[in-house]
Amino acid sequence: MPQHTAFRKKASEGDQNDPLASFRAAFVGEDENLIYLDGNSLGRMPLASSKHMRMVVETQWGKKLIQSWNDHWINLNERLSEKIAHIIGANPDEVFLGDSTSVNFYKLAFAALKQQTDRTGILTDSLNFPSDLYLIQGMINSSFPQHKLNVIESMDGISIGYEQIEKALNDNTALLTLSHVAYRSAFMYDMTRVNEMAHSQGALVLWDLSHSAGAVALKLHEASADMAVGCTYKYLNGGPGAPAFLYVRRDLQEKLRNPVWGWFGHNKPFDFDPTYMKGDGIKSFGAGTPPILSMAALEPSLTISSEAGMQAIRQKSMLMSNFFLEMTREILLPLGFKVASPAEAERRGSHISLKHPEGYRICKSLIQPEGQQKSIVPDFRPPDNIRLGFAPLYNTFTEVYETVMRLRDIAVSREFERHDSSRSTVT
Ligand SMILES: *Cc1c(COP(=O)(O)O)cnc(C)c1O
């Protein structure tokens, strides 16, 4: 039996034995000629989201107008925060939904630096997402001129060693902030282990869960996490610009002060008192009016992830990425591709990065194929990373198989030579 026939068989067995197979039908996906592997940037749209949004727009907004604030919207935030708490392993009163990941990161990092009065060290790693690094740079520039940012360098561009973190932490470290799953390589930290190391030096830890939430089984509370932020438009399928979340462990909520004193963080916003009075607990991390329409799109998505269960999602994610790597080793490595993600599923999130000198043009060929081929949508991260996101709720093992075979064909036929190297704004 030729090798690829064996892989094809394995793929169809994977799909037959997939306990999450029925969830694919919950998403818009009638285009049979599209393989969507970019759920780590913008998840597919749940059918229920478009239906629910239409009702919210036409009835709650269109007909009931301001009355809907009391009838439907004022508690929406709490309801959705509770669903997110369930997905990330936190208590409901430890999660706030609203604003963007970047803004929430600012609130929590600022609060942490203020709280750690006698410390000036800020620690992160070179795998972290640029926005997080910019936010820290801006904070030092505008408000914490004595503070220094120390960026731990990855040796291989894929992972960071725990001994590097241990060495970099000291009794001057105010804050350690890391992406739990690295956006480029998918390297995943053992959260409990890092928290323990930081806490033993008295440092606070702020996690960015943007590539973890909805993809891996998180237990924030159990892992003694201090603070976290994350977005909901990636593996949580909340739609473009969906509101982000933040988490603050209960016993830290009174110690950390949101630097943005908006009326939605006030104890009694509708008293219209001219003086700010901090709201209780996690509510104090709010700022302004929540984005109701975006939240309406998010609600059905969160229900889907909860119903599927994070254990089952993670299980399938590991099987898919392992299958992809098994095929890659046999078929793609001899053709000049390199794997730029950890080899062990336990040390990875739900995407895989491949490197190839022609990575960008190969991405273009995947998306815009010659002839009758399916269009395959990955994304590209400079300089040469082809990122393939496996979303367990709607991707299949057969899609994984077809993607590897298509990458092989593009490399062998040099089909990518028909494309130029010009970039669109969003890649
Ligand atoms: C996607 C992503 C973000 C996005 O931040 P926004 O403020 O929502 O644009 C932040 N951090 C990480 C690690 C991400 O992957």
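Residues numbered from 1 in each chain as written. Predicted model: local features only at pLDDT ≥ 70, side-chain atom pairs only at ≥ 80, totals over all residues. Heavy atoms only, no water.

Draft legend 1. Summary view of the side chain of Asn128. Position of Asn128 relative to the elements: it lies in the loop between strand 3 (121-125) and helix 6 (130-142). Every residue in contact with Asn128, bar those within four places of it in the chain, is listed here: Leu133, Thr177, Leu178, Ser179 and Tyr183. (Helix = DSSP H or I, 4+ residues; strand = E, 2+ residues; numbered from the N terminus. Contact = heavy atoms within 4.5 Å.)

Draft legend 2. Here's a closer look at the packing of aromatic side chains. Here the structure, examined in full by the defined rule, presents 18 aromatic pairs. The interplanar angle of 70 degrees and the centroid separation of 5.0 Å between the aromatic rings of Phe110 and Phe144 together place this pair among those described as edge-to-face. A residue pair is termed long-range when its members are at least 10 positions apart, and Phe110 in helix 5 (residues 101-115) and Phe144 in the loop between helix 6 and strand 4 (148-152) qualify at 34 residues. Comparing Phe110 with Phe144, the two get one shared label, buried. Three or more aromatic residues joined by ring pairs form one cluster here, namely Tyr162, Phe187, Tyr189 and Trp207. Just above the ring of Tyr394 sits the side chain of Arg44; from NZ or CZ to the centre is 5.7 Å. (Phe/Tyr/Trp six-rings, centres within 6.5 Å; stacked < 30°, edge-to-face > 60°. Buried < 20%, exposed > 50% of the residue type's maximum accessible area, 1.4 Å probe, protein only. Lys NZ or Arg CZ within 6 Å of the ring centre and 35° of its normal.)

Draft legend 3. Main features of the sheet that holds strand 12 (residues 379-381). Strand order in the open sheet formed by 4 strands is 9-10-13-12, and the pairing between neighbours is antiparallel. One side of each edge strand has no neighbouring strand; the edge strands of this open sheet are strand 9 (338-339) and strand 12. Contacts from helix 10 (residues 310-332) reach strand 9, strand 10 (351-355) and strand 13 (385-389), with the element oriented near 15 degrees to strand 10. (Pairing = 2+ DSSP bridges. Axes fitted to C-alpha atoms, helices over the stretch in contact; angles between N-to-C directions.)

Draft legend 4. Representation of the environment of Leu123 in the model. Mapped onto the secondary structure, Leu123 falls in strand 3. Once residues lying within four places of it in the same chain are set aside, the contact partners of Leu123 are Asn150, Ile152, Ala168, Leu169, Thr173, Leu175, Leu176 and Thr177.

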